[in-house]
Amino acid sequence: MSALLLALATLWGLPPVAEALAAGAGGEEHQLCDVGEFLCRDRMTCVSQHWLCDGEPDCPDDSDESLDTCPEEADFKCTLNYVSCIGTNKCIHLSQLCNGVYDCSDGYDEGVHCRGK
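Remember, predicted model here, so these are calculated numbers, not experimental data.

Colleague: Explain the overall build of the protein chain to me, using residue names and the numbers behind them.
Modeller: What the protein chain contains, in helices and strands, is two helices and four strands. Secondary structure elements in the protein chain, listed N-terminal to C-terminal, are α-α-β-β-β-β. Buried residues in the protein chain amount to 26% of all 117 residues. Here the contacts in the protein chain between residues at least 6 apart in sequence split such that 9% fall between residues at least 24 apart.

See the structure below:
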């Protein structure tokens, strides 16, 4: 039965559900997410697929914002008053720029553009 569900999930374009079904088919105990949900890399947490690649980590392991989940080629934009950290899908508020705290993993938010401020 799970092979049929796996095939249907894949055909319907629901890869996170398909991954969860595939993991479960291997005999391992994993969380099974509902349709429209994404299974975090911890294999325990499900979040809405609408929350994927939105610049705000929702999974405990941030896997909903990882480059594996959100390819760099994707058209990624931060919401108003937020800026994207270079090379990632993380958004930080403009107030976090040049404030002495490294919020971007590469230090972009405290980079050369902050000199003279």
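Additional details are given in the paragraphs that follow.
Colleague: Go over the state of the cysteines, please, and point to the residues and values.
Modeller: In the structure shown here, the tally under the stated rule is six disulfides. Each sulfur in the disulfide pair Cys-53 and Cys-70 lies 2.0 Å from the other. Judged by the sign of its S-S torsion, about -95°, the cystine formed by Cys-53 and Cys-70 is left-handed. With Cys-53 in the loop between strand 2 (46–48) and strand 3 (82–84) and Cys-70 in the loop between strand 2 and strand 3, this pair connects stretches of sequence that are 17 residues apart. Sequence-ordered numbering of the bonded cysteines in the protein chain yields a pairing of 1-3, 2-5, 4-6, 7-9, 8-11, 10-12.

Colleague: Explain the pattern of salt bridges to me, and be specific about the residues and the numbers.
Modeller: A complete count under the given rule lists one salt bridge for this structure. Between Arg-41 and Asp-68 there is a salt bridge whose closest N-O contact spans 3.4 Å. With Arg-41 in the loop between strand 1 (37–39) and strand 2 and Asp-68 in the loop between strand 2 and strand 3, this residue pair connects regions lying 27 residues apart in the sequence.

Colleague: Pulling in residues and values, what's your account of unusual backbone geometry?
Modeller: One non-glycine residue, Arg-43, lies in positive phi territory at about 60°. For Arg-43, the location among the structural elements is in the loop between strand 1 and strand 2. Judged by its relative accessible area of 27%, Arg-43 is partly exposed. Unlike most non-glycine residues, Asn-81 shows phi in positive territory, near 70°. Residue class for Asn-81 comes out partly exposed when judged on its relative accessible area of 42%.

Colleague: Describe the side chain of Asp-103, listing the residues and the values that go with them.
Modeller: Here Asp-103 lies in the segment after strand 4 (91–93). One buried charged residue, Asp-103, forms no salt bridge at all, with the nearest opposite charge on Lys-90 at 5.7 Å. Excluding its chain neighbours within four sequence positions, the residues that come into contact with Asp-103 are Lys-90, Ile-92, Gln-96 and Asp-109.

Colleague: Explain the environment of Leu-94 to me, and be specific about the residues and the numbers.
Modeller: With respect to the element layout, Leu-94 can be found in the segment after strand 4. The exposure class of Leu-94 is partly exposed, given its relative accessible area of 41%. The spacing of Leu-94 and Leu-80 is 14 residues in sequence and 9.4 Å in space, taken between C-alpha atoms. Sequence-distant contacts of Leu-94, defined by excluding residues within four places in its chain, comprise Asn-81, Tyr-82 and Val-83.

Thresholds, definitions, all that
- Residues numbered from 1 in each chain as written.
- Predicted model: local features only at pLDDT ≥ 70, side-chain atom pairs only at ≥ 80, totals over all residues.
- Heavy atoms only, no water.
- Helix = DSSP H or I, 4+ residues; strand = E, 2+ residues; numbered from the N terminus.
- Buried < 20%, exposed > 50% of the residue type's maximum accessible area, 1.4 Å probe, protein only.
- Contact = heavy atoms within 4.5 Å.
- Disulfide = S-S within 2.5 Å.
- Salt bridge = Lys/Arg side-chain N within 4 Å of Asp/Glu carboxyl O.
- Lys, Arg positive; Asp, Glu negative; His and termini not counted.

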